[in-house]
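Report on the structure
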Amino acid sequence: MTRFDWQDISRAAQLIRDGALVGMPTETVYGLAADATNDQAVARIYATKNRPTFNPLIAHMASLDMAQQFAHLDASHHKIAFQLAEKFWPGPLTLVLDQRPDSPISALATAGLSTIAVRVPAHPIAHALIETVNRPIVAPSANPSGAISPTLADHVRQSLGERVSFTIDGGASAIGIESTIIRVVNEKAYLLRPGGLSRTTLEEAINQPLIARKGLTDEQDTNEAAIDAPGQLASHYAPKAALRLNIEMPSPDEVWLRFGPSQTDYHHPHELWLSHNADLTEATANLFAMMHLADQRCTEHQLKGICISPIPDTGLGEAINDRLSRAAA
Ligand code: TXA
Ligand code: MG
């Protein structure tokens, strides 16, 4: 359920204008929001998350029109990127674009790159907040760097506490995993981070395969620096407890995150179902919340760790497996 309260939005907007940090609900995960044009506020984001400053942030815009004020994205010169923006914004898609030379966005937000990652969120509260502030809002996921991403306002409060002035409660994030990040170079689309918009949906829309960032050929290497997602750290999204992947036979002293259908009526003492009927959309929405829960159970019951059933690598499964492999690294 999305709660929408104008008082929350004007309070959050005022805090952001004053350079403070606010927990902002989005349809993917909760973001730690700040004014993208305020160097000090952006610096506060890196300090609060303990995030390496070479890892740039996503600028959230209210519309495609607004994005065009800060980045190059026009229908005739950037056909593929524009097509993607038109079709999937607002929504869980981030485009890495060339920044306009006169852009007022803090250089710290883009880690000094000439490109900028842009997203137009679909969550009505995020949208209203950007419109009210009337500036781009940078918002990394609202968790300490390397930890599990938040899909509830409570996750933000638990992990960042007093370091965030105010978190707007917008209910559970409907998608539950971060946006898919795409960079288009010479009208070819590169997948920098799998996410809430699946590869097949994107490939069908642009009628070309997405090129894996790691699958670059020598010929494309000259562009390599331009199509990197520098923040894709090997270890990320990690619970405190040990994590084992692709497990069909867990031990009783682990929490088991299960993905159905169940082969037997075996009940594990600490099972949590990502999805009973092998629904990847449902599993995606549950993933981070259940990892938070599993972590708590491990502490409460002094369990050995968390294990997870195999997840197919199709559709949203690609993003789930990306996060799980980093969480286990
Ligand atoms: O769904 C999302 O994208 C969420 C919500 C809050 O909008 N935000 C999010 O932000 O996931 P964060 O900071 O956790 O991840 C941002 C990613 C990083 O992997 C970073 O390296 C990449 O975006 N990125 C940012 N700017 C970039 C750029 N100019 N070029 C390449 N990658 C960039
Ligand atoms: Mg993150």
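These remarks concern the structure in this document. If you're wondering where the values come from, they're calculated on a predicted model, not measured in any experiment. (Residues numbered from 1 in each chain as written. Chains lettered and ligands numbered in written order. Predicted model: local features only at pLDDT ≥ 70, side-chain atom pairs only at ≥ 80, totals over all residues. Heavy atoms only, no water.)

So, the overall build of the protein chain
Each helix and strand in the protein chain was counted, giving nine helices and 14 strands. Relative to the compact-globule value of 20 Å for 329 residues, the protein chain shows a C-alpha radius of gyration of 20 Å, a close match. Across its three principal directions, the C-alpha atoms of the protein chain cover 60 × 50 × 30 Å. Put simply, of all contacts in the protein chain between residues at least 6 apart along the chain, 68% involve residues at least 24 apart. Surface exposure of the protein chain reaches about 14300 Å², of which carbon and sulfur atoms provide 50%. Once the 26 positive and 36 negative side-chain charges of the protein chain are each reduced to a mean point, those two points are 3 Å apart. (Helix = DSSP H or I, 4+ residues; strand = E, 2+ residues; numbered from the N terminus. Rg over C-alpha atoms; globule rule 2.2 N^0.38 Å. Contact = heavy atoms within 4.5 Å. Areas by Shrake-Rupley, 256 points an atom, 1.4 Å probe, with all protein chains shown as cover. Lys, Arg positive; Asp, Glu negative; His and termini not counted. Charge placed at Lys NZ, Arg CZ, Asp CG, Glu CD.)

Let's talk about the sheet that holds strand β6 (residues 137–138)
The pairing of strands in a sheet happens through backbone hydrogen bonds and is either parallel or antiparallel. Here ten strands make up an open sheet; going across it, the order is β7-β1-β2-β6-β3-β5-β4-β8-β9-β10 and the pairing mixed. For this open sheet the edge positions go to β7 (166–167) and β10 (211–212), each flanked by a neighbour on one side alone. With five bridges connecting them, strand β8 (residues 180–185) and strand β9 (residues 188–193) associate as antiparallel partners. From the neighbouring strand, Val-184 faces β9, where its bridge partner is Ala-189. (Pairing = 2+ DSSP bridges.)

Concerning the packing of helix α1 (residues 6–17) against helix α5 (residues 124–133)
Close contact between α1 and α5 brings their axes to 9 Å; oriented N to C, the two are set at 50°. Relative to α5, the element α1 is oriented oblique. For the pair α1 and α5, the crossing hand works out as right-handed. From α1, Trp-6, Ile-9, Ala-12, Ala-13, Ile-16 and Arg-17 reach across to α5, where they touch Ile-125, Ala-128, Leu-129, Thr-132 and Val-133. (Axes fitted to C-alpha atoms, helices over the stretch in contact; angles between N-to-C directions. Parallel < 35°, antiparallel > 145°, perpendicular 65-115°, else oblique. Left-handed = near helix turned anticlockwise from the far one by under 90°.)

Points about the pattern of salt bridges
Applying the stated criterion across every chain, the model contains twelve salt bridges. Of the charged contacts, one joins Glu-271 and Arg-258 as a salt bridge, the two residues approaching to 2.7 Å between their closest N and O atoms. Placement of the pair is Glu-271 in strand β13 (residues 271–275) and Arg-258 in strand β12 (residues 254–259), with a sequence separation of 13 residues. According to the relative accessible area criterion, Glu-271 is buried, its value standing at 17%. Here Arg-258 falls in the buried class, since its relative accessible area comes to 6%. Of the charged contacts, one joins Arg-326 and Asp-322 as a salt bridge, the two residues approaching to 2.9 Å between their closest N and O atoms. Remark: Asp-322 and Arg-326 occur in helix α9 (residues 317–328); sequence separation between them is four residues, near one turn of the helix. Judged by relative accessible area, which is 12%, Asp-322 ranks as buried. (Salt bridge = Lys/Arg side-chain N within 4 Å of Asp/Glu carboxyl O. Buried < 20%, exposed > 50% of the residue type's maximum accessible area, 1.4 Å probe, protein only.)

Some words on helix α4 (residues 79–88)
For α4, the full list of buried residues reads Ile-80, Ala-81, Phe-82, Leu-84, Ala-85 and Phe-88. Contacts made by the buried residues of α4 are with α3 (64–70), β4 (93–98), β8 and α7 (199–206).

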